[in-house]
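Residue-level listing of the chains:
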Amino acid sequence: MYVSHLQLTDYRSYAEVHIELEPGISTFVGPNGQGKTNLVEAIGYVAAQSSHRVATDSPLVRKGAQRAIVRAAIVKDGRQAVVDLEINPGKANRARLNRAPVPRPREVVGLLRTVLFAPEDLALVKGDPGERRRFLDELLVARAPRMAGVRADYERVLKQRNALLKSASAQFFKRAEPDLSTLEVWNEHLAVAGAELLAARLALVGELQPLVAKSYGELTSSGGPPVLQYRSSALAESEHPPLDRAQLVDILRGALAEVHVQELQRGVSLVGPHRDDLHLRLDELPAKGYASQGESWSYALALRLAGFELLRADGDDPVLLLDDVFAELDSERRRRLAEHVRHAEQVLVSAAVDADIPPELQGARFSVREGGVERA
Amino acid sequence: MYEGAVQNLIDELGRLPGVGPKSAQRIAFHLLAAETADVKRLANALVEVKERVRFCSVCGNVAEESECRICRDPRRDTAVICVVEESKDVVAIERTREFRGRYHVLGGAISPIEGVGPDDLRIKELMTRLADGQITELILATDPNLEGEATATYLARLVKPMGLKVTRLASGLPVGGDLEYADEVTLGRAFEGRRSLEF
């Protein structure tokens, strides 16, 4: 698939901009602060309806405007679909598909699939476990939109259960008898919803492992091999036989029973997929702390590339977005990454200067300056 | 801001569910323009609903006497109780004309976020009703969302020692709909709850 047209109205720095795009490689070049990343972010927003840079929608709207509009034409198997997204901070967003309103904006998620590489990706290796959980969950949702529901259900159970633990914890410290008559019910729901998410993540990590090893080997010859280990807060060992969903429900139930007293003292849920991590190892050592800057970058890129390969194997080529990543890499890694991605159906690259773009990725060139985009 | 009485009315209307400031203003000016008799009738209806309507001492449904119409009806099956969250759910089920038993209105669902626990619902009253041994089946018809499911699970566990037949309404595809329009969660549930066709 590819994006053939992008139109932004009151989005970030853009009052109004139209861009015609083609399959193959397009580069966006311009000094920092001129709005290159905003273009890439807008395309990513059409795919996931969330930004990779901010958690809320209000920064996406141009200063002084009420709402932002992103319109993208997506061509897939020779057919064009036009998606309009109206971003209303603090209110519900609205979406239209081929000019017809859809009842829920979520219905157009998944129409466009993207894989985004950004400077923030280094946090996959060096950052908190939350970054790696988000990587796994976003990939799950991109592959099966149903997982968005599973994830939302789990979040909801967690919120309810935490609210209960918090009030029970307050009682506990006042030495009153906490009301725990419904805790078992929430445990049950947490175990069931959590097991579904956990099973999906474990299966995904299994599929990613060979792809990450392959991509890493292609990007660099230093360090390795990379090994992914999913560390569940409910499982004592990281090495365990494949477990089915029913077994995972039992394991989560058991783990919740074990931490019961601690949970009462702390007033939060201590077991479940929200406390898990994906350990990234290199040569038997944890990448976080041991890997060099170059190795960390290679690892982060290998994770993204593996995600790209998985989505590609499911059918359609996702659109590749490379946001200012080449500036972070040495020339050898640049060349290898360029070699890896240049055959994708559509690649959109942003860079501050032409010299940052490897010669393998020459294509349609756009210059970005002061809220305007022009084809060079 | 409008002067005294008008602004008061807009503020009061604005507190109603589903009425925003713009709608409140429109309703207020509609009332101002309406016949005095019409407005009096509305005011009387509001006062009357607070003065006359009570909650059924048996099931918790809205009633005008100490027991509601359904609990007083001798033709209703006394062996089956259908548990719902709100009175409006009773009306919804009554419209089907499929259910001939009686109801029990909980007055909400368990939700720690909103500070609603079992003690805030009419669960004790339900246990008292079940204790007399006449009831053989309990139908759990709470909403098919997380809080409704949690409430149903809680009740099912609570009454388990009593040895009643406990059932939960099925979730699945809407009748008369198209499969392609069903969302993934509903369709997934429908798959889980599929049953064999018997001839």
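Residues numbered from 1 in each chain as written. Chains lettered and ligands numbered in written order. Predicted model: local features only at pLDDT ≥ 70, side-chain atom pairs only at ≥ 80, totals over all residues. Heavy atoms only, no water.

As recorded by an unreviewed UniProt entry, chain B carries the name Recombination protein RecR and is attributed to Streptomonospora mangrovi. In the Sequence similarities (unreviewed entry) part of its UniProt record, chain B is described as follows: "Belongs to the RecR family." Looking at chain B in UniProt, the text filed under Function (unreviewed entry) is "May play a role in DNA repair. It seems to be involved in an RecBC-independent recombinational process of DNA repair. It may act with RecF and RecO." (UniProt positions renumbered as here; feature names shortened; annotations may be inferred.)

In the annotation of an unreviewed UniProt entry, chain A is listed under the name DNA replication and repair protein RecF and assigned to Streptomonospora mangrovi. Within the UniProt record for chain A, the comment given under Subcellular location (unreviewed entry) is "Cytoplasm".

**Q** Would you mind going over the UniProt feature "binding site: ATP" (unreviewed entry) in chain A with me for this structure?
**A** All names here are of chain A. The feature "binding site: ATP" (unreviewed entry), as given by UniProt, occupies Gly30, Pro31, Asn32, Gly33, Gln34, Gly35, Lys36 and Thr37 in the numbering adopted here. For Gly30, a relative accessible area of 5% corresponds to the buried category. Look past the residues within four positions of Gly30 in its chain and what remains in contact with it is Lys36, Ala351, Ala352 and Val368. With respect to the helices and strands, Gly33 occurs in the loop between strand 3 (24-29) and helix 1 (36-48). (Buried < 20%, exposed > 50% of the residue type's maximum accessible area, 1.4 Å probe, protein only. Contact = heavy atoms within 4.5 Å. Helix = DSSP H or I, 4+ residues; strand = E, 2+ residues; numbered from the N terminus.)

**Q** Quick question: what am I supposed to make of the sheet that holds strand 14 (residues 364-369) of chain A here?
**A** Within a beta sheet, neighbouring strands are joined by backbone hydrogen bonds and run either parallel or antiparallel to one another. All names here are of chain A. Reading across from one edge, 8-12-13-3-14-15 is the order of the 6 strands in this open sheet, with mixed pairing throughout. For this open sheet the edge positions go to strand 8 (114-117) and strand 15 (372-375), each flanked by a neighbour on one side alone. Within this sheet the neighbouring strands show an average axis-to-axis angle of 20°, counted without direction. Two elements, strand 3 and strand 14, share 4 bridges in a ladder whose sense is parallel. Along strand 14, the bridge assignment pairs Phe28 with Phe366. (Pairing = 2+ DSSP bridges. Axes fitted to C-alpha atoms, helices over the stretch in contact; angles between N-to-C directions.)

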